[in-house]
Amino acid sequence: MATVLETIAETETLEELYPRLNEQYIQAGWAKPEPSLYPEPYKNFAPAKWSWETGRAALDVAGRLISTDLAERRNLILYNPASSYRYPTVRTMITAYQMILPGETARSHRHTPNALRLILEGEGAYTIVDGERLDMHVNDVLLTPNWHWHGHGSEADGPCYWLDCLDVPLTHLIEPMFFETHPDGFETKITTPATSPNIFPWTQVQADLDRATPDPKGRYGRRVQLGDPAMATIALFMQRMEGGMKTPSIRTTANQIFCPVEGSGYTIVDGERFDWKRGDVIALPGWRPFEHHVSDDATLFMMSDEPVMRALGWLRVED
Ligand code: GTQ
Ligand code: FE2
């Protein structure tokens with residue numbers, strides 16, 4: 001019997017070589033069916049939109065059918081239509097609508113993925129982040145960075161809804177996933193701080209927006225960044241644009257997702273039109289040109305993986 005070494009060494013044609021190499025998990029770099037290098041990003045993810053009306057109705061049904069005792073979270077994942085594994089919203093981030101009912105608790109856990117929430121509706125719910133109770137008010141943004149304990153509770157008299165965004169898909173790609181549940185179930189040893197770096201209250205953000213000057217190129221209107229950046233992998237912005245405004249076409253390697261908090265309009269993404277209003281979610285995959293057309297004065301909450309692109313030297317923006 002010839003050894004592997006002998007068989008390979010005695011190969012006479014490329015046609016014989018390829019299968020012999022494949023048996024050793026080696027592939028000829030010059031004969032791959034798909035190129036490994038290409039001139040610009042593939043369109044692996046689709047521009048897409050989810051409507052808050054639909055999400056809210058589905059959460060109300062879920063409220064009747066599943067409890068937070070059974071579900072770790074009552075969340076509805078907004079997965080990209082072009083994703084075969086029904087999970088990411090864009091390559092690096094996932095968004096989900098979540099709801100909690102009066103008196104419920106969603107037990108505490110921690111994970112290496114970074115997470116944030118934009119509060120959509122209801123007063124009286126709260127998150128406990130590393131032992132600190134943070135009350136949720138409409139349009140507030142709350143952070144639960146990498147490895148911070150967090151659980152949700154509600155003292156409201158009706159359902160409370162919010163939008164989650166996490167970098168779980170990025171964590172899946174890079175692999176450093178860790179997750180554990182809190183030994184107490186729902187974290188109970190808590191304090192209630194007056195302020196926290198993990199909450200951006202809407203009252204404060206609005207005041208900052210009022211003071212902000214519109215960007216001279218007309219790309220964002222009045223824009224404020226929440227944090228600098230909010231977390232290691234995700235940057236957050238609120239941008240206020242006046243009715244009638246049309247932004248120039250922009251493309252960036254950063255993957256983005258936005259949720260209008262006020263107003264209405266539509267966004268053209270790579271030639272496709274997506275109409276939006278409060279609570280809707282729009283996926284802007286990287287390197288797809290997009291432009292906003294504002295109908296009624298609007299404020300958009302923008303989530304972007306640009307800190308990742310910047311840190312790795314891959315941030316390119318064209319406008
Ligand atoms: O609220 O902790 O939508 O851990 C997905 C994973 C929400 C959360 C999600 C989570 C959470
Ligand atoms: Fe979580």
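Above this text is the structure in question.
In this report, the structure presented in the accompanying data block is examined. No experiment lies behind these values; they were computed from the predicted model shown.

Procedures and definitions
Residues numbered from 1 in each chain as written. Chains lettered and ligands numbered in written order. Predicted model: local features only at pLDDT ≥ 70, side-chain atom pairs only at ≥ 80, totals over all residues. Heavy atoms only, no water. Buried < 20%, exposed > 50% of the residue type's maximum accessible area, 1.4 Å probe, protein only. Helix = DSSP H or I, 4+ residues; strand = E, 2+ residues; numbered from the N terminus. Pairing = 2+ DSSP bridges. Expected span 1.5 Å × (residues − 1). Arc of directions from axis to C-beta. Phe/Tyr/Trp six-rings, centres within 6.5 Å; stacked < 30°, edge-to-face > 60°. Core = buried A, V, L, I, M, F, W, Y, C linked by side-chain atoms within 4.5 Å. Contact = heavy atoms within 4.5 Å.

**With respect to the pairing of strand S9 (residues 150–154)**
- Of all 5 residues in S9, 5 are buried, a share of seventy percent or more.
- Alternating positions in S9 separate into two faces, His 150, His 152 and Ser 154 on one and Gly 151 and Gly 153 on the other, with burial throughout.
- Summarising the sheet, strand S4 (residues 105–111) and S9 pair through 3 bridges and their orientation is antiparallel. Note on S9: the bridge partner recorded for Ala 106 is His 152.
- The sheet contact formed by strand S6 (residues 125–129) and S9 spans 5 bridges and is antiparallel. Looking at S9, one finds that Tyr 126 is bridged to Gly 153.

**Some details on helix H3 (residues 52–65)**
- The end-to-end C-alpha distance of H3, which contains 14 residues, comes to 20 Å, matching closely the 20 Å that a straight helix rising 1.5 Å per residue would cover.
- Those residues of H3 that sit buried are Trp 52, Gly 55, Leu 59, Ala 62 and Gly 63. For H3, the buried positions fall inside an angular range of 105 degrees around the axis, keeping them on one side. Exposed residues on H3 whose side chains face more than 90 degrees from its buried face are Glu 53, Thr 54, Arg 64 and Leu 65.

**Some thoughts on the packing of aromatic side chains**
- Counted according to the given criterion, the structure contains 7 aromatic pairs.
- Seen in terms of ring centroids, Tyr 18 and Trp 30 are 6.3 Å apart; in terms of plane orientation they differ by 55 degrees. Their pairing is tilted. With Tyr 18 in helix H2 (residues 14–23) and Trp 30 in the loop between H2 and strand S1 (48–50), the pair connects residues that are 12 residues apart, well separated along the chain.
- You can call Tyr 18 partly exposed: its relative accessible area is 25%.

**Digging into the nonpolar core**
- In this structure, Leu 116, Val 141, Leu 236, Met 238, Phe 301 and Met 303 are the most contacted members of the largest nonpolar core, which totals 36 residues.
- When neighbours within four sequence positions are excluded, Phe 301 is seen to be in contact with Leu 116, Leu 118, Val 141, Leu 226, Leu 236, Phe 237, Met 238, Ile 257, Phe 258, Cys 259 and Val 261.
- Phe 258, Val 269, Trp 276 and Leu 284 belong to the second largest nonpolar core, which has 17 residues in total.

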